[in-house]
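What the coordinates show
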Amino acid sequence: MEADAIAKAQQAVLTRLAEIRKRIASACEEAGRDPQEVTLMAVTKTVDPALINTAVDAGVTVLGENRVQEYLSKRDAYRRNAEVQFIGHLQTNKVRQIIDGVSMIQSVDSLHLAEAIDRAAAAKGIVMPVLLEVNIGGELSKSGVDPDGLLPLLKAASAFPHITVRGLMTIPPPETDRNAQDAVFARMKALFDAASAEFPMDTLSMGMSGDYESAVRHGATVVRIGSALFGARVYPQPQN
Ligand SMILES: *Cc1c(COP(=O)(O)O)cnc(C)c1O
């Protein structure tokens, strides 16, 4: 980007960030929650590091990465004072490439992946915090373990010595209707509470640009926000 365009885009990020914080605060107020309980994760896919750093300089403490290659190619340009968590679909053969570059993996949806993370973490002598990704939207969702499969996966994943299950994550199908959003997040929170009674957990990652206020009202501790913070994503055009 040209310097002018960057400066303008950086200003826009600051304006959007202020708006998001305000909305999170009012959603918390509606639900009788302390805004300190909610972490705003900035989701960085396709975003220029200059804009990511603007968000970090303005106090964003957690970045969310979807793609291993994209993260590895951008990470050197990032400020060091934000932690990076992995939120995208992760192939077991790529775990080793990011195991010591992230502070959490939010997208564990199979025993096979949990096992690969445990093994890679063991090799580095670390314990990796993870979230289990739940498919709360039924067949409209593309990823995550079915609610029926959650407890067995939780039990098995909790037994690995080099991962620690901190909570649950979900990507519900996009809903524009507030009642529909509320229903999905209420279902997710009930599942989280029931599972937490057996396996204590402290992190519930749900809510994105289009629905984070509903997620916050229903107990999200992390909201993952991309386009509402950085603007619409521009994917590179395929070369032909
Ligand atoms: C892209 C992405 C987000 C952010 O999406 P927006 O709608 O742009 O806020 C959140 N979570 C995951 C897993 C994502 O891939």
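Above this text is the structure in question.
Residues numbered from 1 in each chain as written. Predicted model: local features only at pLDDT ≥ 70, side-chain atom pairs only at ≥ 80, totals over all residues. Heavy atoms only, no water.

Our next topic: helix H6 (residues 147-158). The terminal C-alpha atoms of H6 lie 17 Å apart, and with twelve residues this matches the ideal 16 Å at 1.5 Å per residue to within 8%. Buried residues of H6: Leu 150, Leu 153, Leu 154 and Ala 157, and no others. The arc enclosing the buried residues of H6, seen along the axis, measures out at 110°, which places them on a common side. Turned more than 90 degrees away from the buried face of H6, the exposed residues are Asp 148, Pro 152 and Lys 155. On its buried face, H6 sits against strand S4 (104-108), helix H5 (111-124), strand S5 (128-134), strand S6 (163-170) and helix H7 (178-198). (Helix = DSSP H or I, 4+ residues; strand = E, 2+ residues; numbered from the N terminus. Expected span 1.5 Å × (residues − 1). Buried < 20%, exposed > 50% of the residue type's maximum accessible area, 1.4 Å probe, protein only. Arc of directions from axis to C-beta. Contact = heavy atoms within 4.5 Å.)

Before going further, it helps to examine the pairing of S4. Among the five residues of S4, five are classified as buried, and the element is accordingly described as predominantly covered. With two bridges connecting them, strand S3 (residues 83-86) and S4 associate as parallel partners. Bridging across to S4, Phe 86 finds its partner in Ile 105. Strand direction decides the pairing type here: S4 and S5, joined by two bridges, are parallel. Looking at the pairing, Ile 105 lines up with Val 130 of S5. Of the crossover connections in this fold, the one passing from S4 over H5 to the parallel S5 is right-handed. (Pairing = 2+ DSSP bridges. Right-handed = clockwise from strand over helix to strand, strands pointing away.)

What follows covers the site of the ligand. Near the ligand the following residues occur: Val 43, Lys 45, Asn 66, Ile 87, Ile 171, Met 208, Ser 209, Arg 224, Ile 225, Gly 226, Ser 227 and Arg 233. Side-chain polar atom of Arg 224 to a nitrogen atom of the ligand: 2.9 Å apart, as the coordinates give it. Gly 226 places a polar main-chain atom, nitrogen or oxygen, 2.8 Å from an oxygen atom of the ligand. Computed on the free molecule, the ligand has an accessible area of 380 Å², of which 89% lies beneath the protein chains in the complex. A majority-of-atoms criterion places the ligand in the largest pocket. Within the shell around the ligand, the residues separate by chemical class into five nonpolar, four polar and three charged. (Near = heavy atom within 4 Å. Polar contact = N/O pair within 3.5 Å; in protein donor to acceptor, adjacent residues only side chain to side chain. Areas by Shrake-Rupley, 256 points an atom, 1.4 Å probe, with all protein chains shown as cover. 1 Å grid on protein atoms, 1.4 Å probe; cavity = no way out; pocket = protein on both sides within 12 Å on 5 of 7 lines; lining within 4 Å. Sits in = over half its atoms within 2 Å of the grid points. Nonpolar A, V, L, I, M, F, W, Y, C, P; charged D, E, K, R; others polar.)

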